[in-house]
Amino acid sequence: MSCIFSIKLLAQDPAQASLMQGNNQYVMYESERDKGVNTDLMYSYLFESYEHFVKVLELPNNAKYAEGAKNRLRSMYPALFNAAVYYEEKMNPAKVLNFAGAYVDLPQMQAFRSEMLPQNAQYPDVVFLAATRAQYLKQNQRAAKYFSTYLNLPDGEREPGKEKSCYVSLSMIYGGLKDFASQEQILLKAVAKYPVEINFFYNLVNVYMATRNHAKLLNTFDQILAINPNDEQILPLKANMLKSQGNYSEALDIFKRLYALHPNDIKILRGLATTNYSVGVTILDEGKTNDAQGRTVSFENTVIIMTSNAGSHITENALGFNKDKNQSSKDKVMKALKDFLRPEFLGR
């Protein structure tokens, strides 16, 4: 009966079992540490004990065992840093992530938030190390957590190069996860800190194109063009967006600028032609248009004469009263116009 009662007690008390397992592994760690022979085995016992003690703190009804687990975790905290350094020197990213991650995670646990664990002066480097190794191992959620932790370090603890790298990596991670809200948030922080770093703005363009946020997209175009007015990646995008919104005059101005730079570019020529056509149709339909500054230009009481070289290859020059030849030439010219211009344009 007593044996059955003992087994039942252990089954109902997993926190006690985890504490006992953690203590056993910790004793083995200390033994290997004192021997100083097998470092890999020593750190293997250390990490196993760490996992057991953390489990104690995460389990419900752990009040009787939590302090014991916390004491052990406090004792091993400096060794977690040493293990991370050791495995970084051995170029073992998975083990680096285990120990560097544990070194970063431990102070953030609810059980330790009310106290300051004695952190090594290289704590910021360990945070960045954990982030980059998690990213290398494609553990993107953990990588995002550690990159964010680095960005939240106090001023003076962040290195400028690493800080910028955190913004770049977080944008890549959130973009890969299609978490566009988080990607936008981190990029807005990045452009506020690096207002002339064009690549962050390009990434914002991708976010707003993916989310079809045209208002923010157009605003980002303007921010980029304020940095580089002749940005040939952004100018065509802005011109096409303005054209799609019916702002033909401003779009036409941009296409003219692009045409001056690249007179043989088929896409630019097509954009210039279709936008000119749209401006013409707008004038014919509404009797007005807007210039690039948004001012309305009225064509009321205006005669518009349009010329074209369509049909100029026709050489039949009938003169005088030869009606048949005149009609024949006219028919050929009209056919050439129909081949060259859209029906809706000719109909006007």
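Residues numbered from 1 in each chain as written. Predicted model: local features only at pLDDT ≥ 70, side-chain atom pairs only at ≥ 80, totals over all residues. Heavy atoms only, no water.

It is worth spelling out helix H8 (residues 160-176) at this point. In this model H8 runs 25 Å from its N-terminal to its C-terminal C-alpha over 17 residues, within 8% of the 24 Å that 1.5 Å per residue would give. Inspection of H8 places Glu163, Cys166, Tyr167, Ser169, Leu170, Ser171, Ile173 and Tyr174 among the buried residues, and these make up the whole buried set. Buried residues belonging to H8 abut helix H6 (123-136), helix H7 (140-151), helix H9 (180-193) and helix H10 (198-210). Of the residues one or two after H8, lysine 178 is the one with positive phi, at around 60 degrees. (Helix = DSSP H or I, 4+ residues; strand = E, 2+ residues; numbered from the N terminus. Expected span 1.5 Å × (residues − 1). Buried < 20%, exposed > 50% of the residue type's maximum accessible area, 1.4 Å probe, protein only. Contact = heavy atoms within 4.5 Å.)

Its 22 residues give helix H2 (residues 14-35) an end-to-end C-alpha distance of 32 Å, which sits within 8% of 32 Å, the value for a rise of 1.5 Å per residue. Restricting attention to buried positions, one finds in H2 the residues Ala15, Ser18, Leu19, Gly22, Gln25, Tyr26, Tyr29 and Glu32. On an axial view of H2, the arc spanned by its buried residues comes to 145 degrees, and they lie on one face. Exposed and facing more than 90 degrees away from the buried side of H2 are Asp34 and Lys35. Buried positions along H2 lie against helix H3 (39-58) and helix H4 (63-89). (Arc of directions from axis to C-beta.)

According to the stated counting rule, one finds 15 aromatic pairs in the structure shown. On the numbers, 5.6 Å between centres and 50 degrees between planes, the contact of tyrosine 43 with tyrosine 86 is tilted. Here tyrosine 43, found in helix H3, pairs with tyrosine 86, found in helix H4; they are 43 residues apart in sequence, far enough to count as distant. Each ring, one from phenylalanine 47 and one from phenylalanine 99, has its centre 5.3 Å from the other, and the planes form 65 degrees; the classification is edge-to-face. Taken as a pair, phenylalanine 47 in helix H3 and phenylalanine 99 in helix H5 (residues 93-108) lie far apart in primary sequence, 52 residues in all. The pair formed by phenylalanine 47 and phenylalanine 99 is uniform in burial state, with each residue classed as buried. Taken together, the aromatic side chains of Tyr43, Phe47, Tyr50, Tyr86, Tyr87 and Phe99 make up a single cluster linked through ring pairs. Lying across the ring of phenylalanine 112, lysine 70 places its NZ or CZ 5.6 Å from the centre. (Phe/Tyr/Trp six-rings, centres within 6.5 Å; stacked < 30°, edge-to-face > 60°. Lys NZ or Arg CZ within 6 Å of the ring centre and 35° of its normal.)

Moving on, we come to a nonpolar patch on the surface. On the surface, Tyr259, Ile266 and Leu269 cluster together to form a nonpolar patch covering roughly 260 Å² of accessible area. Mapped onto the secondary structure, isoleucine 266 falls in helix H14 (residues 266-286). Classification of isoleucine 266 by relative accessible area gives exposed; the value is 55%. (Patch = residues over 30% accessible without salt bridge, like charges linked within 9 Å, V, L, I, M, F, W, Y side chains within 5 Å. Areas by Shrake-Rupley, 256 points an atom, 1.4 Å probe, with all protein chains shown as cover. Salt bridge = Lys/Arg side-chain N within 4 Å of Asp/Glu carboxyl O.)

As a further point, take the nonpolar core. Counting residues in hydrophobic clusters, the biggest one holds 89 residues, and the most contacted among them are Leu46, Tyr50, Leu73, Leu80, Phe99 and Leu106. No other element matches H4, which puts twelve residues into this core. Those residues in contact with tyrosine 50 that sit more than four places away from it in its chain are Leu73, Met76, Leu80, Ala102, Asp105, Leu106 and Met109. (Core = buried A, V, L, I, M, F, W, Y, C linked by side-chain atoms within 4.5 Å.)

Right, let's get into the pattern of salt bridges. The tally for this structure, following the rule as stated, stands at 17 salt bridges. Put simply, glutamate 88 and arginine 133 hold a salt bridge, and the shortest N to O gap is 2.7 Å. Of this pair, glutamate 88 sits in helix H4 while arginine 133 is found in helix H6, placing the two residues 45 residues apart along the sequence. Linking lysine 238 and glutamate 250 is a salt bridge whose minimum nitrogen-to-oxygen distance equals 3.6 Å. You can see lysine 238 sitting in helix H12 (residues 234-244) and its partner glutamate 250 sitting in helix H13 (residues 248-261), a full twelve residues away along the chain. Given a relative accessible area of 10%, lysine 238 falls into the buried group.

No statement about biological role is implied by the geometric values presented.
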